[in-house]
Amino acid sequence: MARVFVYGTLKKGQPNYYRMIESANGKAEFLTSACTTQKYPLVIAGEHSLPFLLNIPGQGRRIRGEIYKVDDKMLKYLDDFEMVPDMYQRTLVKLEVEEWVGETEGEERLKAGSITEAFVYSATMYEPDWPSLPCYESYDAYGDHGLQYEAKETGLV
Ligand code: PCA
């Protein structure tokens, strides 16, 4: 089992969330909301307007997202979906837990305010102007930024 912090289209209510709950892809269990302990730029970029966390700690904002416990099958599925290592890279990030999930027991118990670690998909490479794009603290594909997530064009549907 591994933990993955999702901040983009894989979050609840976002266009690719259904991939997290599709049992054919493996298992994913929501643990908690969280935010990164460090600031990072979270930008919407590229011709398909995808969300990218840029691995530039100290710049941008603390990013809010969701931590999931995933099995090996789901981790492999997500790596393929995120096109690791060509488009995204999967690295560890430090997180502050935002809410405590009452039902989870034992070592999975995450208290609000506690610091934990999970994998995150950040941009493998980026264009020179991406770090100066508007930075978000919380991604919403349907937000008022007017940049439409284009799953069809990427063939990711
Ligand atoms: N999917 C991953 C990385 C960016 C994206 O859209 C996520 O939701 O965290």
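Residues numbered from 1 in each chain as written. Predicted model: local features only at pLDDT ≥ 70, side-chain atom pairs only at ≥ 80, totals over all residues. Heavy atoms only, no water.

Asker: Would you mind going over the packing of aromatic side chains with me for this structure?
Answerer: For any pair of aromatic rings, the description consists of the separation of the ring centres together with the inter-plane angle of the planes. Scanning the entire structure with this criterion turns up four aromatic pairs. Both rings, one in Tyr 77 and one in Phe 81, keep their centres 6.4 Å apart while their planes meet at 5 degrees; by these two values the pair is stacked. Of the two residues, Tyr 77 and Phe 81 both sit in helix α2 (residues 72-81), four residues apart, roughly one turn of that helix. Residue Tyr 77 is classed as partly exposed on the basis of its relative accessible area, which comes to 21%. Residue Phe 81 is classed as buried on the basis of its relative accessible area, which comes to 10%. Connected via pairs of aromatic rings, a cluster forms that spans Phe 52, Tyr 88 and Trp 130. The ring of Phe 119 has Arg 90 lying over it, and the distance from NZ or CZ to the ring centre is 4.3 Å. (Phe/Tyr/Trp six-rings, centres within 6.5 Å; stacked < 30°, edge-to-face > 60°. Helix = DSSP H or I, 4+ residues; strand = E, 2+ residues; numbered from the N terminus. Buried < 20%, exposed > 50% of the residue type's maximum accessible area, 1.4 Å probe, protein only. Lys NZ or Arg CZ within 6 Å of the ring centre and 35° of its normal.)

Asker: Looking at this structure, I do not really get the side chain of Asp 71. What am I missing?
Answerer: As for its placement among the helices and strands, Asp 71 is situated in the loop between β5 (61-70) and α2. Although Asp 71 lies buried, it forms no salt bridge, and the closest oppositely charged side chain, Lys 27, sits 4.7 Å away as judged by the N-O distance. In this structure the side chain of Asp 71 is engaged in a polar contact, spanning 2.9 Å, whose partner is the backbone nitrogen of Met 74. Those residues in contact with Asp 71, other than ones at most four positions away along the chain, are Met 1, Gly 26 and Lys 27. (Lys, Arg positive; Asp, Glu negative; His and termini not counted. Salt bridge = Lys/Arg side-chain N within 4 Å of Asp/Glu carboxyl O. Polar contact = N/O pair within 3.5 Å; in protein donor to acceptor, adjacent residues only side chain to side chain. Contact = heavy atoms within 4.5 Å.)

Asker: Explanation requested: the site of the ligand in the structure shown.
Answerer: All residues in the neighbourhood of the ligand are listed as Val 6, Tyr 7, Gly 8, Thr 9, Leu 10, Pro 51, Glu 82, Tyr 88 and Tyr 121. In the model, an oxygen atom of the ligand is placed 2.9 Å from a nitrogen or oxygen of the Tyr 7 main chain. Here Leu 10 contributes a backbone N or O atom positioned 3.1 Å from an oxygen atom of the ligand. When the ligand is considered free in solution it has 250 Å² of accessible area, and contact with the protein chains removes 98% of it. According to the grid-proximity analysis, the pocket containing the ligand is the largest cavity. (Near = heavy atom within 4 Å. Areas by Shrake-Rupley, 256 points an atom, 1.4 Å probe, with all protein chains shown as cover. 1 Å grid on protein atoms, 1.4 Å probe; cavity = no way out; pocket = protein on both sides within 12 Å on 5 of 7 lines; lining within 4 Å. Sits in = over half its atoms within 2 Å of the grid points.)

Asker: Would you mind showing me how to read the pairing of strand β6 (residues 88-97) here?
Answerer: For a regular strand, the rule is simple: side chains alternate between the two faces of the sheet. Across three bridges, the pairing between strand β2 (residues 28-40) and β6 is antiparallel. Across the sheet, the residue bridging to Cys 35 is Glu 96, located in β6. Bridging between β6 and strand β7 (residues 115-123) involves nine bridges; their strand directions are antiparallel. Directly across from Leu 95, in β7, lies its bridge partner Thr 116. (Pairing = 2+ DSSP bridges.)

Asker: Which parts of the structure should I look at to understand the environment of Gln 38?
Answerer: Its location among the elements puts Gln 38 in strand β2. For Gln 38, a relative accessible area of 39% corresponds to the partly exposed category. Taking C-alpha positions, Gln 38 is 8.2 Å from Ile 63, a pair spaced 25 residues apart along the chain. Those residues in contact with Gln 38, other than ones at most four positions away along the chain, are Pro 57, Gly 58, Arg 61 and Arg 62.

Asker: Looking at this structure, I do not really get α2. What am I missing?
Answerer: An α-helix turns once per 3.6 residues; consequently, residues spaced three or four apart project the same way. For α2, the complete set of buried residues consists of Met 74, Leu 75, Leu 78, Asp 79 and Phe 81. The buried residues of α2 occupy an angular sector of 165 degrees when the element is viewed end-on, so they sit on one face. Residues of α2 that are exposed and point more than 90 degrees away from the buried face comprise Asp 72 and Lys 76. Among the structural elements, β1 (2-6), α1 (17-21), β2, β5, β6 and β7 are those in contact with the buried residues of α2. (Arc of directions from axis to C-beta.)

Asker: Could you clarify how one ought to interpret empty space enclosed by the protein in this entry?
Answerer: Regions of empty space are outlined by a rolling probe, equal in size to a water molecule, passed over the atoms. Enumeration over the complete set of coordinates arrives at one cavity of 30 Å³ or more. Of the pockets and cavities examined, the largest cavity occupies roughly 170 Å³. Around the largest cavity, the lining is made up of 16 residues, and of these Thr 9, Leu 10, Pro 51, Glu 82 and Tyr 88 lie nearest the centre. Here the lining of the largest cavity is built from residues that sort into twelve nonpolar, three polar and one charged. (Points joined across faces, edges and corners; volume = space filled by probe spheres on them. Nonpolar A, V, L, I, M, F, W, Y, C, P; charged D, E, K, R; others polar.)

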